[in-house]
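Chain and residue survey
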Amino acid sequence: MKNVLEWLERTALRCPDKIAVDDGNVVLSFEELRDLARRMGSGLAKETNPGCPVAVYLSKSSLVLAAMMGVVYAGCFYVMIDPEQPKERVRRICDVLCPELVITDEYGEELFREIPGKIPTVRIVDLMRTPADLTRLKAIRKESRREDLLYGIFTSGSTGMPKGVMVSHDAVLKFIGHFTELFQITKEDRIGNQAPFDFDVSVKDIYSSLMTGASLYLIPRDDFRTPARLLDLLCEKKITTLIWAVSALCLISTLKGLEYRTPEFVRKVLFSGEVMPSGQLSAWQKALPQAEFVNLYGPSEITCNCTWFRVDHPAGRGEKLPIGKPFPGRRVFLVDESGKEVAEKGRTGEICVSGESLSEGYYGNPKMTAEKFPVDPERGRYYKTGDLGYFGEDGNLYFSGRRDFQIKHMGHRIELEEVERAMEQVDGVTRSCCVLDRRKERLVAFYLGEEKTARIRKGMQSLVPRYMIPAKFCQVDGMPLTKNGKIDRTYFLRKVEMQDG
């Protein structure tokens, strides 16, 4: 097998009438998804050349999934661009990507007329009307290789320019093969998709479905603002599998959604993106005692995940979950600041990954690719994650935070995430975010919960050294999230700066 479309075609033959994707408005069977993707691919093949980038400037939907597969049928690779992103960021993505074509709608056409470069656009409704040219599609497939790019995902860059992480068919074929086998995803599963299509968590949803014949249900973003509506949907659609960002799960549990209704059909909860607070995990475990809970870890650059840990016991108060052991075909190791491998248990180093399913690097940026994906005679090609971790006595890998979130305060090195984990062990605190106010050289904590500042401070005294206790605590009504579902630390940094100003 050399192309993910072989999964779609095989599943369409095996169970043509089974629901492939349902977005609440449009439901497509696997046969309908395949046929629509072929029509769109035939239209795209008239306008593009194989191997070129095609941007999709549309919100996730059943028809958009067909368009993504249409891009692949045309021999190109797709890059999703969320229409809710600021116009300036869309322009910067296009500056890096230089897409050959943009699939969009009437609104998107207007936007791209304003963006310099005169990038051609095509409306998705026009592609849907194109007759399928199976002869042309067959010729394109014949020339395809496992190493061809499948998709690109743009993440934020430290220079202000977005970074385009490029992933091949080979990387996805290998990773999803392991993923579906480890977690026993089958055609009987109903996957509730939380992540937007420009976030790599959705890769697991989409391709697990195409490979196994599991049905994919796209949950509208607005439903996450109303936990009751979201839980009604999970029950109505009999969702069995949640592959979600930690913040999405915490949104339901912190707002007492699980007290309203239990998503009784859920049997697998696989979470990633941030450290899962033990209190929130415990709430989910109590609501779903028969479900399997798995902690996943890995950045986009290694294709979704590189380690996993099955939680086989009730989460203890303040417990630090391991991120586990590597997926098959991977090697995960630690290096110190000099680049030497860290062998001792308990010693912290930068998490690095080699082996299968590494991305091809950053689009149009060979310098950054060489820096982040060094090639070593002994290790081979590997990726430096920028995350810190250590191996425990149990042999599992533990996450210690981002190098970016390690600060120097009062002469001590502090992991902001360790401060947050201590706060969340105090009764009455459900979620937290800690930042360093550099002007006043003090830690400032923002938190969700009913507890008073004095009791939080007192509760933390038995958990962390005095220098790790924030000088200021701010109770908030909600935790703003980034587009990828993580707590928006930059928002709270700006809030501190405004208060100081």
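In case you missed it, the structure is sitting above this.
First, a word on what this report is: a plain description of the structure on this page. (Residues numbered from 1 in each chain as written. Predicted model: local features only at pLDDT ≥ 70, side-chain atom pairs only at ≥ 80, totals over all residues. Heavy atoms only, no water.)

A separate point is the overall build of the chain. For the chain, the count of helices and strands is 17 helices and 26 strands. In terms of principal-axis extent, the alpha carbons of the chain reach across some 70 × 50 × 45 Å. Sorting the 501 residues of the chain into buried and exposed places 57% on the buried side. Of all intrachain contacts in the chain linking residues separated by at least 6 positions in sequence, the fraction that spans at least 24 positions is 66%. As displayed, the chain has an accessible area near 21800 Å², and 49% of this comes from carbon and sulfur atoms. Computed over 73 positive and 70 negative side-chain charges, the separation of the two mean positions in the chain equals 2 Å. (Helix = DSSP H or I, 4+ residues; strand = E, 2+ residues; numbered from the N terminus. Buried < 20%, exposed > 50% of the residue type's maximum accessible area, 1.4 Å probe, protein only. Contact = heavy atoms within 4.5 Å. Areas by Shrake-Rupley, 256 points an atom, 1.4 Å probe, with all protein chains shown as cover. Lys, Arg positive; Asp, Glu negative; His and termini not counted. Charge placed at Lys NZ, Arg CZ, Asp CG, Glu CD.)

This brings us to the pairing of strand β10 (residues 215-218). Within a regular beta strand, the side chains point alternately toward one face of the sheet and then the other, so they alternate between its two faces. Residues Ser-215 and Tyr-217 point to one face of β10 and Leu-216 and Leu-218 to the other, with burial holding for every one of them. In this sheet, β10 lies alongside strand β1 (residues 19-22) in parallel orientation, the contact comprising two bridges. Within the sheet, the bridge partner assigned to Asp-22 lies in β10 and is Tyr-217. Sheet topology note: the strand β9 (residues 190-193)/β10 ladder contains four bridges and is parallel. Bridging from a neighbouring strand, Asn-193 pairs with Leu-218 of β10. Assessed by its sense of winding, the connection that carries the chain from β9 through helix α9 (residues 201-212) to β10 is right-handed. (Pairing = 2+ DSSP bridges. Right-handed = clockwise from strand over helix to strand, strands pointing away.)

Turning our attention to the sheet that holds strand β26 (residues 472-475). With mixed pairing, the three strands of this open sheet are ordered in space as β24-β25-β26. Of all the strands in the sheet, just β24 (429-437) and β26 have a single pairing partner and so form its edges. Each neighbouring strand pair of the sheet contributes to a mean axis angle of 25°, computed without reference to strand direction. Judged from the eight bridges that link them, β24 and strand β25 (residues 442-449) form a sheet pairing that is antiparallel. By the bridge assignment, Cys-434 is partnered in β25 with Ala-445. (Axes fitted to C-alpha atoms, helices over the stretch in contact; angles between N-to-C directions.)

With seven of 10 residues buried, helix α13 (residues 278-287) lies mostly within the body of the structure. Those residues of α13 that sit buried are Ser-278, Gln-280, Leu-281, Ser-282, Trp-284, Gln-285 and Ala-287.

Look at helix α11 (residues 246-254) against α13: their axes get within 10 Å of each other, and the N-to-C directions meet at 70°. Here α11 is positioned roughly perpendicular relative to α13, judged by the angle of their axes. Taking contact as the criterion, the partners of Leu-249, Cys-250, Ile-252, Ser-253 and Thr-254 in α11 are, on α13, Gln-280, Ala-283 and Trp-284. Taken together, the residues that form the contact of α11 with α13 break down as five nonpolar, three polar and no charged. (Parallel < 35°, antiparallel > 145°, perpendicular 65-115°, else oblique. Nonpolar A, V, L, I, M, F, W, Y, C, P; charged D, E, K, R; others polar.)

This part covers the packing of aromatic side chains. The tally for this structure, following the rule as stated, stands at 17 aromatic pairs. Centre to centre, the rings of Phe-175 and Phe-179 are 5.5 Å apart; their planes meet at 35°, and the pair counts as tilted. Taken together, the residues Phe-175 and Phe-179, both in helix α8 (residues 169-182) and four residues apart, mark about one turn of the helix. Per residue, the accessibility class of Phe-175 equals that of Phe-179, and both read buried. Their ring planes at 65° and their centres at 5.9 Å tell us that Tyr-362 and Phe-373 sit as a pair that is edge-to-face. Within this pair, whereas Tyr-362 is found in strand β18 (residues 361-362), its partner Phe-373 is found in the loop between α14 (366-372) and β19 (375-376), the two being separated by 11 residues in sequence. Each member of the aromatic cluster is reached from another via a ring pair, and the members are Phe-175, Phe-179, Phe-183, Trp-308 and Phe-327. (Phe/Tyr/Trp six-rings, centres within 6.5 Å; stacked < 30°, edge-to-face > 60°.)

The sheet built from seven strands is open, its strands ordered β6-β5-β3-β4-β7-β8-β18 with mixed pairing. Each edge of the open sheet carries a strand with a single partner, namely β6 (121-123) and β18. Sheet strands touched by helix α4 (residues 87-97): β3 (53-56), β4 (77-80) and β7 (149-155). Its angle to β7, the strand with the most contacts, is close to 140°.

This brings us to the nonpolar core. Ranked by size, the top nonpolar core spans 87 residues in total, and within it Tyr-78, Ile-103, Val-172 and Tyr-207 carry the most contacts. If sequence neighbours within four positions are ignored, Val-172 has contacts with Val-4, Trp-7, Leu-150, Tyr-151, Val-167, Gly-177, Val-203, Tyr-207 and Thr-303. Phe-224, Ala-248, Trp-284 and Val-311 belong to the second-largest nonpolar core, a separate cluster that totals 30 residues. (Core = buried A, V, L, I, M, F, W, Y, C linked by side-chain atoms within 4.5 Å.)

Right, let's talk about the side chain of Asn-305 for a bit. Within the element layout of this structure, Asn-305 appears in the loop between β13 (292-297) and β14 (307-311). A residue is classified by how much of its surface remains accessible, and Asn-305, at 1% relative accessible area, is buried. Polar side-chain contacts of Asn-305 include one of 2.8 Å to the side chain of Lys-204. Leave out the neighbours within four places in its chain, and Asn-305 touches Phe-175, Phe-179, Lys-204, Ser-272, Leu-296, Tyr-297, Gly-298, Phe-327 and Arg-330. (Polar contact = N/O pair within 3.5 Å; in protein donor to acceptor, adjacent residues only side chain to side chain.)

Bringing the pattern of salt bridges into the picture now. Note that side chains of opposite charge can pair when their charged atoms are close. Within the structure shown, the criterion is met by 31 salt bridges. Between Arg-38 and Glu-9 there is a salt bridge whose closest N-O contact spans 3.7 Å. Highlighted residues: Arg-38 in helix α2 (residues 30-45) and Glu-9 in helix α1 (residues 5-14), separated in sequence by 29 residues. Comparing Arg-38 with Glu-9 shows no difference in burial state: the two are buried. Glu-188 is the salt-bridge partner of Lys-187, the closest N and O atoms lying 3.2 Å from each other. We classify Lys-187 as partly exposed; its relative accessible area is 41%. Beyond isolated ion pairs, a larger network of salt bridges with shared partners links Glu-88, Arg-91, Arg-92 and Asp-95. (Salt bridge = Lys/Arg side-chain N within 4 Å of Asp/Glu carboxyl O.)

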